[in-house]
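Here are the chains, one letter per residue:
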Amino acid sequence: MCAFLLLGTTYSVSASFGASLSMNEIVVTGERVPSTYELTPSSISVITSSTIENSPTLTDALSRSTDTAIPSYGWMGALSGISIRGANTSQSGVMLDGIRLNNAELSGIDLSTIPLSGISSIEIARGGASALYGESAMGGVVNIMPDVFPEKDAVHIKAMTGSFESYHIDASAKANTGRFGFLISPGYEASKGNYPYTDNNGNIRIRQNDDYKGAWILAGMGFSDDNNSAYFITHLYTSDKGVPGALGMPSPQAREHDSHGIYIMQYRHMSKTLSVKTSLSHVNEKSLYFDNIYVPISNPSRFDDTNNEASTVIFFNSVPYNTPSLAIDALSQQAVSTSIGSHTRVTGSMGIEDRLTPLTWVAIVGDAAYQSISDTGNVSTYSIGAAVKPVSWMTLKTRLSTAFRAPSLDDLYWPDAAGARGNPYLKPETKTGYELGLLLSPLTNTTVEINGFYDRYKNLIQWSPSANNIWIPQNVSGAVIKGIELSVNTVPVHPLTISGNMGMLSTLNLSDNPSGSYGEALIYRPDIVANTSVKIGEDNRYVSLGIGYTGERYIIPTNSQSLPGFYNINATFSYEIKWLRPFITLTQYFSNTFNPLTSYQYISGYPLPGRYVWAGVEVHL
């Protein structure tokens, strides 16, 4: 977990075709009021159901989005996170239907514990979003949408087998009677792991203690009529896995048991003058870690983190040309762990948003929020943006936002032991971000999006050794992360689809912590990440080929060492025959000289497989 915090900015990208985003598609994550993509000031990516169905894991689906990175510490079931626009994993928010999943102890969430079955879409809002979603939404947020109210009744079964003796099976049954919606989706997956990798001396070795088993169920039920809707969903997960450790610090016998329970209730009343949405949620995450050398099974290292949240949003619908809203939120987070003992954080917040539409081709959205955090103080955030569509094929977007992340409970309360201790005087990290975007649809079936952003971070929290060689987290002056994003989707002729995206990133360390790092680039952020793909076919009958490139990444704060860039190729074949769809997908990584890699160290000291295959079959009834 310490490695997750310290190194959680490494990029791993799978190039594959993704669903193109319609300019008229409705998105809900960038604002409180659902709006069309073209008139939303925020930079939004939507991963649709078709892409989800062709992705073995959540991390695989997320890696196809513009300017997102998936740091993963191994194969199936390994610790994974998400980085958005160069922010680290603790600065990126993850939500299930608007309910935050980031815990207070680490400020992050392990994405490997959230399977894809039963999910209808995933929305990614890039840029600071603390005025809407509170702390940890500095780089952006990921909102995972369960399919509680499906468009049609369906039964779905998917079974896959993959490299390294890996297996996956899931099923879902969903129904919509017009007033009631139902969803149930169980699943199970397992892998022996033990894939080949190349060590630092160029020797081929086998990764040991890398087995994994996981099981889950997502279930929900909803009711809706003309003016009211309500639903309840739950997501339960449990896993047992080996923890192989780093190359220099292997853990041949270490094991970890993870589990979580997510429970969400929501009620919404809508009328011509006023709408009210009320949500209650309970999120509990547990983990046990032990080995036979340092942490015996009789006294495992453990943490038990709980989020309890209640929120109410009031929308005023009768105001001409705009939709103001008021949100009140209360969040209690408790962490009980072997490391820090028991601590509770209580956060109260109040926020306002107004979406102003004086003309049909102009939208101005402003947000402001005040958060009071029991152990770090009060923080105010805001954002204001505009989207202007002067002609039918072009939209201009601009946005200014502020965001923050409160110190994690580990940052504050880590015990004075084993050469490290927390710092109870830490201030929240803050960021001011500027964005400018251009959305074009110059030809039929073609969309082009260009975004530029400049983010200034202050009071970044960094662990570093003190004069007596005790590692302590400290606030440092900050950093600048700026970049350009480009995405293109086109259908030049039926049934050919061409898509691609590219993110160019430039970073600057404004602190001298550690010594010699001032003015250098931030570690583990590549200078360029690019994907391009070609798909021939439609629906679930297609062949696709994708090529991706990840640029050089510095791994030493003084920029004296770096990992070279690398390529990856992803090929998929899918052919649906009525209710049956077999498919196969292959991923292969190459060095920057296009030599095949049997493994590649995306994170120094944590190897990942350089080639893997998935084959499976889906049944739709």
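Going by the structure above, here's the rest.
Residues numbered from 1 in each chain as written. Predicted model: local features only at pLDDT ≥ 70, side-chain atom pairs only at ≥ 80, totals over all residues. Heavy atoms only, no water.

(A) Seen up close, the nonpolar core. With 29 residues, the main nonpolar core has Leu58, Leu62, Ile82, Leu101, Ile122, Val142 and Ile144 as its most contacted residues. Within the residue set of this core, elements represented by two or more residues are helix H3 (58–62), strand S6 (92–96), strand S8 (119–126), strand S9 (140–146), strand S16 (228–242) and strand S17 (255–270). Ile122 has contacts with Ser45, Val46, Ile47, Ile52, Leu58, Leu62, Leu116, Val142, Asn143 and Ile144, leaving out every residue within four places of it along the chain. Of all hydrophobic cores here, the second largest spans 17 residues; its members include Met76, Phe164, Tyr602 and Leu608. (Core = buried A, V, L, I, M, F, W, Y, C linked by side-chain atoms within 4.5 Å. Buried < 20%, exposed > 50% of the residue type's maximum accessible area, 1.4 Å probe, protein only. Helix = DSSP H or I, 4+ residues; strand = E, 2+ residues; numbered from the N terminus. Contact = heavy atoms within 4.5 Å.)

(B) Region of the structure containing the packing of aromatic side chains. The final tally for this structure, using the stated rule, is ten aromatic pairs. Judged by centre distance (6.1 Å) and plane angle (20°), the rings of Trp75 and Trp614 are stacked. With Trp75 in the loop between strand S4 (68–69) and strand S5 (83–84) and Trp614 in strand S40 (residues 611–620), this residue pair connects regions lying 539 residues apart in the sequence. Accessibility classification places Trp75 together with Trp614 in one group, the buried group. Their ring planes at 20° and their centres at 6.5 Å tell us that Phe180 and Phe182 sit as a pair that is stacked. Among the aromatic residues, those joined into a cluster by ring pairs are Trp75, Phe164, Tyr195, Tyr612 and Trp614. Lying across the ring of Tyr37, Lys397 places its NZ or CZ 4.5 Å from the centre. Across the ring face of Tyr575, the terminal group of Arg541 is positioned such that the distance to the ring centre comes to 5.1 Å. (Phe/Tyr/Trp six-rings, centres within 6.5 Å; stacked < 30°, edge-to-face > 60°. Lys NZ or Arg CZ within 6 Å of the ring centre and 35° of its normal.)

(C) Examining the pattern of salt bridges more closely. Summed over all chains, the structure comprises 19 salt bridges. With a shortest N-O distance of 3.9 Å, Lys241 and Asp110 are connected by a salt bridge. Of this pair, Lys241 sits in strand S16 while Asp110 sits in the loop between strand S7 (99–100) and S8, and the two are 131 residues apart along the sequence. For Asp110, a relative accessible area of 9% puts it in the buried group. The salt bridge partner of Lys192 is Glu165, with a shortest N-O separation of 3.9 Å. In this pair, Lys192 sits in the loop between strand S12 (180–191) and strand S13 (196–198) while Glu165 sits in the loop between strand S10 (154–162) and strand S11 (166–176), placing the two residues 27 residues apart along the sequence. Exposure remark for Glu165: the relative accessible area of 46% places this residue in the partly exposed category. Overlapping salt bridges bring together Arg85, Arg126, Arg399, Glu435 and Glu485 as one network. (Salt bridge = Lys/Arg side-chain N within 4 Å of Asp/Glu carboxyl O.)

(D) Local environment of the sheet that holds S9. The strand order S3-S8-S9-S6-S7 describes an open sheet built from five strands, whose pairing is mixed. The strands lining the two open edges of the sheet, one partner per strand, are strand S3 (43–47) and S7. As defined by bridge partners, S8 adjoins S9 across seven bridges and the pair is classed as antiparallel. Within S9, the position partnered with Ile124 by the bridge is Val142. (Pairing = 2+ DSSP bridges.)

(E) Here's a closer look at the pairing of strand S27 (residues 460–465). Summarising the sheet, S27 and strand S28 (residues 471–476) pair through six bridges and their orientation is antiparallel. Bridge pairing in S28 places Trp463 opposite Pro473. The loop that links S27 with its antiparallel partner S28 comprises five residues; one of these, Asn469, has a positive phi angle of about 65°.

In short, shape yes, function no, at least from these values alone.
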